[in-house]
Amino acid sequence: MLKFRISIALLIYTLTIISCSDSNEEVPCIVDTTIDFPTSNITQIESNKHKVYTDIVINRSAEVVWNTLTDFENMPNWSSSFQGLSGEIANNSEVTVTYILPNPTTGQPTESQFIRTLSYVEGQQFGWSAESTTFPGIVDNHIFKVEAISECQSKFIQTDEFHGTNSFFTTNDLANASLPLYNQFNIELKNEVEK
């Protein structure tokens, strides 16, 4: 009798597992609210070399974040600074980068365009590295990166590294001017993706 009861219990347990695993119901992805905070800092690497690091957690999949980030036609509708790229979007292609930035002399928002060779890895990151046309002598290395945390949460990372010398602006000046703009872009991207 005991063996019969154990056999029945095992059969019920097995059927329960099978019915649960065959269920078409999608298990909801749970957002980890303990990591929902931005990070930003500037690190001096050498006397004429500074790195800017910013990140933000976005409560959507990495694919959704990437698709929004690389929809350059729509970007001017939500971004107050980076307006997007035009040209062939592929690794080592030449693109035109468009920004709206404060004029160094007047402080007024001014559209700036420059041509860069794109570093591009589909679904992961893009960026460029070249000598600044506005600040000759200083080279930047600007990267936009998306990392998956879970199926419904991602980390967006924006970094830049400035090195070299310019008569009027140091790499520290450029890093400090860039940090608030990058943080603002990160917040605007998060708002656009999560709306």
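Check the entry above for the structure.
This one's a predicted model, so the numbers in the text were calculated from it and none came from an experiment. Residue numbering note: each chain is counted from 1, following its sequence as written. For a predicted model such as this one, the threshold for reporting local features is a pLDDT of at least 70, and the threshold for listing and counting side-chain atom pairs is 80 or more; totals across whole chains, interfaces and linings nevertheless cover every residue. Side-chain figures throughout are based on the complete set of non-hydrogen atoms in the structure, without hydrogens or water.

Trainee: Go over the pattern of salt bridges, please, and point to the residues and values.
Mentor: Here, a salt bridge means any side-chain nitrogen of Lys or Arg that lies within 4 Å of a carboxyl oxygen of Asp or Glu. The full count for this structure, using the stated rule, is five salt bridges. Glu-194 is the salt-bridge partner of Lys-190, the closest N and O atoms lying 2.8 Å from each other. Residue Lys-190 and its partner Glu-194 are located together in helix α3 (residues 171-194), separated by four residues, close to a single helical turn. Accessible area is worked out with a 1.4 Å probe on protein chains only. A residue is then buried under 20% of its type maximum, exposed over 50%, and partly exposed in between. Taking relative accessible area as the criterion, Lys-190 reaches 13% and is therefore assigned buried. Residues Lys-195 and Glu-192 are paired through a salt bridge, measuring 3.3 Å at the closest nitrogen-oxygen approach. Under the relative-accessibility criterion, Lys-195 is labelled exposed at 72%. Secondary structure is summarised from DSSP: a helix means a run of H or I of at least four residues, a strand means a run of E of at least two, and numbering begins at the N terminus for each.

Trainee: Which residues make up the packing of aromatic side chains, and what values do they have?
Mentor: Aromatic pairing here means that ring centres of Phe, Tyr or Trp (its six-membered ring) are within 6.5 Å. Orientation follows from the plane angle: under 30 degrees is stacked, over 60 is edge-to-face, and everything else is tilted. If you walk through the whole model with that rule in mind, you get 17 aromatic pairs. Summarising the aromatic geometry, the rings of Phe-156 and Phe-185 are spaced 6.1 Å apart at their centres and angled 55 degrees between planes, so their arrangement reads as tilted. With Phe-156 in strand β9 (residues 153-164) and Phe-185 in helix α3, this pair connects stretches of sequence that are 29 residues apart. Its relative accessible area of 1% is what places Phe-185 among the buried residues. In this structure an aromatic cluster arises from ring pairing among Trp-66, Phe-72, Trp-78, Phe-82, Tyr-99, Phe-114, Tyr-120, Phe-126, Trp-128, Phe-144, Phe-156 and Phe-185.

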